[in-house]
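Each chain, letter by letter, is given below.
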Amino acid sequence: MIDNLQILRAVASYLVFLTHYGLYIGPVLPRPDLLAFGAFGVDVFFVLSGFIMFVSTSGRRESPGGFLLRRASRVVPVYWLVTIGLALIALTGLKPIGIMEVRPDYLIQSLLFLPFSRGGFIEPLNSVGWTLNYEMFFYVIFAGLLLVPKPAVRALGAAAIFLALILLGLLPVPGLYWAYYTKPIIIEFAAGIGLGYAYLRLGIPPAGFPVRRLACAALSAAALLVLGGQIATTLLDASPELSGFARPLVWGSAAVLVVGAMLLLEQGGVALKSRWLLSQGNASYSFYLVHNLLLHIAAKLAALLVAPGYARAALIFGIAFPASVAAGEVLFRYVETPLIAGLRHRLHRRTRPASQPTPIAS
C-alpha cells in the first residue's frame, strides 16, 4: 500500500464534502459557488482509479471475469446498502429526513449503475453515485484490456478507447447513454493508467534526483490549475464546476500532477504517516457515500436551532463533518470490511491468481 495515495483519498473525499457543503453555506458567501472547486476531488479519484487498476494488475494473470468480480466485491455491497437505506428513509415520508422521490425504476437503475434522469439531473438515488456509474464503466473496459498481455500496449489501448469514445461523443447521436459515456471526463481514467505505466517503467529515482523539488513544483502547478480554472469560470460567469473538455484539461491535469507528486514523495522517502488520515483514506469510500445524507440531516437540525446566517452554516459543518467521519469509520470497519473479506474469500477459492499483485491500495 502506498501511504501517500491513501491519504490523498481522504483529502479528495474532503474536497467533495466541501463542494456539497457549499450548497448550505453559499447564501452567506460572497459568491454561492465559492467552494465549487472541491469537485476536483472527483478528478483525483478517477486518476487514482486508473493508476491503481493498472499497477495492481501488472505482473499477474487475471481473467476479465475474475477482475470484475473482485471490483464488484469492493464497490457493490456498501453502495447497495446505502442506496437501499436512502430509499427506505425517503419512503418514510418524514419531513425532517425524507429527501427524494423513490420509484421502482429509480431504485433498480441505481443498483445496476445505469445513468438516468431524476429531477432534471443525471444521477442515482444516492447522488454521488454518478461517479460510480463511470467507475463501473471503466472497470468493464479495463477488464477487456486485461486480455492484452503487454503493459505498454494495454496503456495505449486504454488511451485509444477513451479518446475514441470522446470523439464519437461529438457526433449528434441521440440517447442518454451515448451522451453520458462519451463525456471528456472519462479520459482521466486513461491518464491514471498512463501515470501507472510511467511509475512501473521508471522505478525509484536515482540518488540525487530532485524528488522534493519536482513534487513541490507539481503540487504548485496543480493548485494554480484548480484555482485558475475556478477564477476563470467566475470571471466568465460560467458554470461553477468545469465541464466539457475544460474539466479534463484543467482539473484532470491537476489531478495527474497531484497523484504524481504523492508518488514522487513516497519514492523519495517522504511518506505521510498520519494514522488518522490513513484511517480516513481507508474509510474514504464509506465517507463519500454517506456525507451528502448527513449534510442534509445536519441542515434540517440546524434550521430548527439557529436563524439563517453564518451561525447556521457553521453549525451545519460542525454536525455534518464529524458525523460523516464517524459514520464512514463505522461503516468501513463493521460493514464494508467484513463484507469484502467474506466475498473475496469465496472468490479466492474460485479464481486463484498465479502471483500476487503489487501491494497498492484498491
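Taking an unreviewed UniProt entry as the reference, the protein is identified by name as Exopolysaccharide production protein ExoZ belonging to Methylobacterium phyllosphaerae.

Engineer: Which parts of the structure should I look at to understand the side chain of Gln230?
Structural biologist: Counting through the fold element by element, Gln230 comes out in helix H9 (residues 211-235). Separated by 3.3 Å, the side chain of Gln230 and the backbone oxygen of Asp33 make a polar contact.

Engineer: Before we go on, may I ask you to explain the pattern of salt bridges in this structure?
Structural biologist: Opposite charge on two side chains lets them pair, provided their charged atoms get close. In this structure the tally under the stated criterion is seven salt bridges. The partner of Arg333 in a salt bridge is Glu329, and the shortest N-O contact between them spans 3.3 Å. Note that Arg333 and Glu329 are positioned in helix H13 (residues 310-350) at a spacing of four residues, about one turn of the helix.

Engineer: Before we go on, may I ask you to explain empty space enclosed by the protein in this structure?
Structural biologist: Empty pockets left among the atoms are what a rolling probe the size of a water molecule brings to light. Applying the stated criterion across every chain yields a total of one cavity of 30 Å³ or more. By volume, the largest cavity amounts to about 330 Å³. In terms of lining residues, the largest cavity is bounded by 19 residues, among which Arg9, Phe45, Glu135, Tyr139 and Tyr285 are the most central. Counting residues per element, the ones that place at least two in the lining of the largest cavity are helix H2 (40-57), helix H3 (64-92), helix H5 (130-145) and helix H12 (284-305). Looking at the lining of the largest cavity element by element, the count peaks at seven residues for H2. Of the residues contributing to the lining of the largest cavity, the split by class is eleven nonpolar, four polar and four charged.

Engineer: Help me understand the environment of Asp33 in this model?
Structural biologist: Tracing the sequence through the fold places Asp33 in the loop between helix H1 (3-25) and H2. Accessibility expressed as a relative area gives 13% for Asp33, which makes it buried.

Engineer: Would you explain helix H4 (residues 104-111) in this entry?
Structural biologist: It helps to recall that an α-helix has 3.6 residues per turn; residues three or four apart then point in one direction. When we look at burial in H4, the residues that qualify are Tyr106, Ser110 and Leu111. All buried residues of H4 fall inside an arc of 120° around its axis, so they share one side. Considering only its buried residues, H4 is in contact with H3 and strand E1 (117-118). Just beyond H4, the residue with positive phi is Phe113, at close to 60°.

Engineer: Is there a simple way to explain unusual backbone geometry in this structure?
Structural biologist: Glycine aside, a negative phi is what most residues show, and trans is what most peptide bonds show. Residue Phe113 is not a glycine yet carries a positive backbone phi of 60°. Tracing the chain through its elements places Phe113 in the loop between H4 and E1.

Engineer: Honestly, the environment of Ala314 in this entry has me stumped. Any pointers?
Structural biologist: Looking at where Ala314 falls in the secondary structure, it is placed in helix H13. As for Ala314 and Leu167, which are separated by 147 residues in sequence, their C-alpha atoms are 44 Å apart.

Engineer: Sorry, what's going on with the packing of H2 against H5 here?
Structural biologist: One can describe the packing of H2 onto H5 by two numbers: an axis separation of 11 Å at closest approach and a directional angle of 25°. Put simply, H2 runs roughly parallel to H5. When you trace H2 past H5, the crossing you get is right-handed. On H5, the residues touching Val42, Phe45, Phe46, Ser49, Gly50, Met53, Phe54 and Thr57 of H2 are Trp130, Thr131, Tyr134, Glu135, Phe138, Tyr139 and Phe142. Within the contact of H2 with H5, the residues separate by chemical class into ten nonpolar, four polar and one charged.

Engineer: Is there a simple way to explain the nonpolar core in this structure?
Structural biologist: Here is a general trend for soluble globular proteins: nonpolar side chains tend to be buried in one another's company. Residues Leu5, Phe40, Phe142 and Leu289 are the most contacted members of the largest nonpolar core, which totals 80 residues. By residue number, the principal contributor to this core is H2, which donates twelve residues. In this view, Phe40 contacts Leu15, Val226, Trp251, Ala254, Ala255 and Val258; residues no more than four positions away in its chain are not counted. Grouped together as the second largest cluster of nonpolar side chains are 18 residues, Leu29, Phe287, Leu295 and Ala302 included.

Engineer: Mind showing me how you'd approach the side chain of Ser13 here?
Structural biologist: Note on placement: Ser13 falls in helix H1. Not counting the four nearest positions on each side in its chain, Ser13 is found in contact with Phe45, Ser284 and Phe287.

Definitions and cut-offs
- Residues numbered from 1 in each chain as written.
- Predicted model: local features only at pLDDT ≥ 70, side-chain atom pairs only at ≥ 80, totals over all residues.
- Heavy atoms only, no water.
- Helix = DSSP H or I, 4+ residues; strand = E, 2+ residues; numbered from the N terminus.
- Polar contact = N/O pair within 3.5 Å; in protein donor to acceptor, adjacent residues only side chain to side chain.
- Salt bridge = Lys/Arg side-chain N within 4 Å of Asp/Glu carboxyl O.
- 1 Å grid on protein atoms, 1.4 Å probe; cavity = no way out; pocket = protein on both sides within 12 Å on 5 of 7 lines; lining within 4 Å.
- Points joined across faces, edges and corners; volume = space filled by probe spheres on them.
- Nonpolar A, V, L, I, M, F, W, Y, C, P; charged D, E, K, R; others polar.
- Buried < 20%, exposed > 50% of the residue type's maximum accessible area, 1.4 Å probe, protein only.
- Arc of directions from axis to C-beta.
- Contact = heavy atoms within 4.5 Å.
- Axes fitted to C-alpha atoms, helices over the stretch in contact; angles between N-to-C directions.
- Parallel < 35°, antiparallel > 145°, perpendicular 65-115°, else oblique.
- Left-handed = near helix turned anticlockwise from the far one by under 90°.
- Core = buried A, V, L, I, M, F, W, Y, C linked by side-chain atoms within 4.5 Å.

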